[in-house]
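# Report on the structure
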Amino acid sequence: MAFRQPIGGILMRKTWKIGDRVVELLEEEDAEEIEDLLKSVWPYAEDYPDEWRKRRALSADEVREEMRSGYFYFGIREEGRVVALYKAKIYDDICLGEHLSVHPDFRRRGLSRTLYAHIITFAKEMGCRRVHVNILPHQEASVRLVTRYGFKKIKEYEQIPGMLVHLYEKIVAEEDES
């Protein structure tokens, strides 16, 4: 799959109103805040193998490097700080959303719902046809959430040895029939 940059290399929008929340495009200057959030979530995410939890607790430098390599980070701020985020990358006609993280003090407030609604909006704006997300099979709340948004399970595989995931897909635009 080839990575695709947005038209002109930049996004025109920096914020999106999703319900009563604002989702914003996070920038390199937000990398320390992103690191703080990831380090408050991933070391304690016991559903995941240790190796994966360590990989997901990125440093600010790793976040900036991912941004430079084409990842878009989107977040929600409450109380003046980033409390929820996900990252996305565009491959051909697919928008891959991953790394969804919500600070433990801000869970069960609908932030994940807002971010899933956003990834669908973002994918459409970027001209993608499909959105992909990976979910651990035993994370029932996550499975219910993506199913509620119209995602369908299309594949089961080991993302790393010993970590089975289900790949979910949502079609957001039909193919051109030219």
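Coordinates for the structure precede this section.
Structure report, in brief.

## A word on the nonpolar core
Judged by nonpolar contacts, the single largest core of 34 residues is most densely connected at Phe74, Cys95, Tyr116, Phe122, Val131, Val133 and Phe151. Only β1 (15-18), β2 (21-26), β3 (72-78), β4 (81-91), β5 (94-102), α4 (111-125), β6 (130-135) and α5 (140-148) provide two or more residues apiece to this core. Here this core takes eight residues from α4, the largest share from any one element. Discounting chain neighbours no more than four positions away, the residues touching Val131 are Cys95, Ile119, Ile120, Ala123, Phe151, Tyr168, Glu169, Lys170 and Val172. In terms of nonpolar packing, the next biggest core, distinct from the first, is built from 25 residues, Ile34, Leu38, Leu58 and Val82 among them.

## Examining the packing of helix α1 (residues 31-41) against helix α3 (residues 60-68)
Between α1 and α3, the shortest axis-to-axis distance is 8 Å and the interhelical angle comes to 115°. Handedness of the crossing formed by α1 with α3: right-handed. Across the interface between the two elements, Ala31, Glu32, Ile34, Glu35 and Leu38 from α1 touch Ala60, Val63, Arg64 and Met67 from α3. When grouped by side-chain class, the residues that make up the contact of α1 with α3 number six nonpolar, no polar and three charged.

## Some remarks on the packing of aromatic side chains
The full count for this structure, using the stated rule, is six aromatic pairs. Measuring from centroid to centroid gives 5.4 Å for Trp16 and Phe74, while their planes differ by 80°, and the two rings are edge-to-face. Of the two residues, Trp16 is situated in strand β1 and Phe74 in strand β3; the sequence distance between them amounts to 58 residues. Neither Trp16 nor Phe74 differs from the other in exposure class; each is buried. Considering the side-chain rings of Phe72 and Phe74, the 6.3 Å spacing of their centres and the 25° angle between planes classify their relative orientation as stacked.

## Structural notes on the sheet that holds β2
The strand order across the open sheet built from eight strands is β1-β2-β3-β4-β5-β6-β8-β7, with neighbouring strands paired in mixed fashion. Of all the strands in the sheet, the pair left with one neighbour each is β1 and β7 (152-160). This sheet shows a mean twist of 30° between the axes of neighbouring strands, independent of strand direction. Judged from the seven bridges that link them, β4 and β5 form a sheet pairing that is antiparallel. Note that in β5 the partner of Ala84 across the bridge is Val102. On the sheet, α5 packs against β6 and β8 (163-171) and is oriented at approximately 170° with respect to β6.

Each value, and the rule that gives it
Residues numbered from 1 in each chain as written. Predicted model: local features only at pLDDT ≥ 70, side-chain atom pairs only at ≥ 80, totals over all residues. Heavy atoms only, no water. Core = buried A, V, L, I, M, F, W, Y, C linked by side-chain atoms within 4.5 Å. Buried < 20%, exposed > 50% of the residue type's maximum accessible area, 1.4 Å probe, protein only. Helix = DSSP H or I, 4+ residues; strand = E, 2+ residues; numbered from the N terminus. Contact = heavy atoms within 4.5 Å. Axes fitted to C-alpha atoms, helices over the stretch in contact; angles between N-to-C directions. Left-handed = near helix turned anticlockwise from the far one by under 90°. Nonpolar A, V, L, I, M, F, W, Y, C, P; charged D, E, K, R; others polar. Phe/Tyr/Trp six-rings, centres within 6.5 Å; stacked < 30°, edge-to-face > 60°. Pairing = 2+ DSSP bridges.

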